[in-house]
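These are the residues of each chain, in order.
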Amino acid sequence: MGYYLIAGIMFVVGLIVSNRLKSKFKEYSEIGLANGMSGREIAEKMLSDNGIHDVRVISTPGHLSDHYNPEDKTVNLSPDVFEGRSISAAAVAAHECGHAVQHATAYSMLTFRSAIVPLVNISTQLSQWVILAGLGFLIGRANPTILLVGIILFAITTVFTIITLPVEYDASNRALKWLENSHITTPYEHDKAADALKWAARTYVVAAISSIATLLYYILLFVNSRDRN
């Protein structure tokens with residue numbers, strides 16, 4: 001029951017933040033930049049201004065699918081951002097380039113996050129199954145040792161969500177600082193870009209809190225199961 005209560009609360013909070021984010025981006029996507037630059041042009045300029053010449057800016061399918069890929073060094077922008085000439089497009093394009101700057105400067109938190117991605121992929125696939133087995137749903141009886149292994153695996157994904165926070169906030173800070181210093185945005189546009197990125201960051205905060213709460217719940221289950229044995 002405790003798990004479903006935590007999951008339900010975080011689902012509602014996540015839904016509120018997600019809807020607010022979509023609303024903000026829709027609102028700011030309808031406000032054109034005074035300089036008329038597209039997301040692609042902004043991204044290419046930010047990379048150039050930071051001395052980065054080996055990263056390509058490309059268009060990727062989807063909505064809010066924007067990301068930086070360190071493996072092939074590409075800034076992937078959704079069509080609305082790649083071609084858009086709005087505050088939203090500027091904010092997103094600059095944010096993703098912020099990750100490229102992190103990569104180029106060997107930002108420690110990004111380096112650490114990238115290093116544990118393979119481990120996180122494994123833990124994501126296995127943790128829930130191992131936890132269910134430890135609770136007795138798969139093997140007929142609870143086993144605290146198996147449950148502990150599952151909790152450790154889940155903890156890896158929790159650490160990943162926590163590490164993601166400074167990475168995302170730092171990318172936004174780099175983006176906003178560059179947008180201001182390069183005069184890409186007017187003061188009015190800059191405030192709106194900051195607001196959009198603020199709500200985007202909050203989705204990662206919700207994910208981290210949800211993961212931490214779930215991890216603590218699993219730990220409580222482990223303590224109780226060990227006491228019973």
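The preceding data block contains the structure.
These numbers come from a predicted model, not from an experiment.

### Re the side chain of Glu189
- Tracing the backbone shows Glu189 in helix H7 (residues 187-228).
- Despite its burial, Glu189 remains without a salt bridge, the nearest opposite charge being carried by Lys192 at 12 Å.
- Sequence-distant contacts of Glu189, that is, excluding residues within four places in its chain, are made with Gly32, Leu33, Ala34, Ile87 and Ile184.

### Quick word on the pattern of salt bridges
- Taken as a whole and judged by the stated rule, the model has nine salt bridges.
- Here Arg174 ties to Asp170 by a salt bridge, and the two come within 2.5 Å at their closest N and O atoms. You can see Arg174 and its partner Asp170 sitting in helix H6 (residues 144-181), four residues apart, about one turn around the helix.
- For Asp170, a relative accessible area of 17% puts it in the buried group.
- Note that Lys198 is salt-bridged to Asp195, the shortest N-O span being 3.1 Å. Taken together, the residues span about one helical turn, with Lys198 and Asp195 both in helix H7 at a distance of three residues.

### Concerning the sheet that holds strand E2 (residues 67-69)
- As summarised here, the arrangement of the three strands in space is E1-E3-E2, forming an open sheet in which the pairing is mixed. A single partner strand is all that each edge strand has here, and the edge strands are strand E1 (56-59) and E2. With direction set aside, neighbouring strand axes in the sheet form an average angle of 25°.
- Pairing of E2 with strand E3 (residues 74-77), which is carried by three bridges, proceeds in the antiparallel orientation. Note on E3: the bridge partner recorded for His67 is Asn76.

Criteria and thresholds
Each chain carries its own residue numbering, running from 1 in the written order of its sequence. With pLDDT at 70 or above as the cut-off, local features in this predicted model cover only qualifying residues; side-chain atom pairs require 80 or more to be listed or tallied, and sums for whole chains, interfaces and linings still use all residues. Each side-chain value is worked out from all heavy atoms of the structure, with water and hydrogens disregarded. Think of it this way: any DSSP run of H or I at least four residues long counts as a helix, any run of E at least two long counts as a strand, and we number them from the N terminus. Exposure classes here rest on a 1.4 Å probe applied to the protein chains alone. A residue is buried below 20% of its type maximum, exposed above 50%, and partly exposed in between. Positive charges are assigned to Lys and Arg, negative charges to Asp and Glu, while His and the chain termini are left out of the count. Between Lys or Arg on one side and Asp or Glu on the other, a salt bridge is scored when a side-chain nitrogen of the former is within 4 Å of a carboxyl oxygen of the latter. We call two residues contacting when some pair of their heavy atoms lies within 4.5 Å. Between any two strands, at least two bridges found by DSSP are needed for them to pair. In this analysis, axes come from line fits to C-alpha atoms, helices being fitted only over the stretch in contact, and the angle between any two N-to-C directions falls in the range 0 to 180 degrees.

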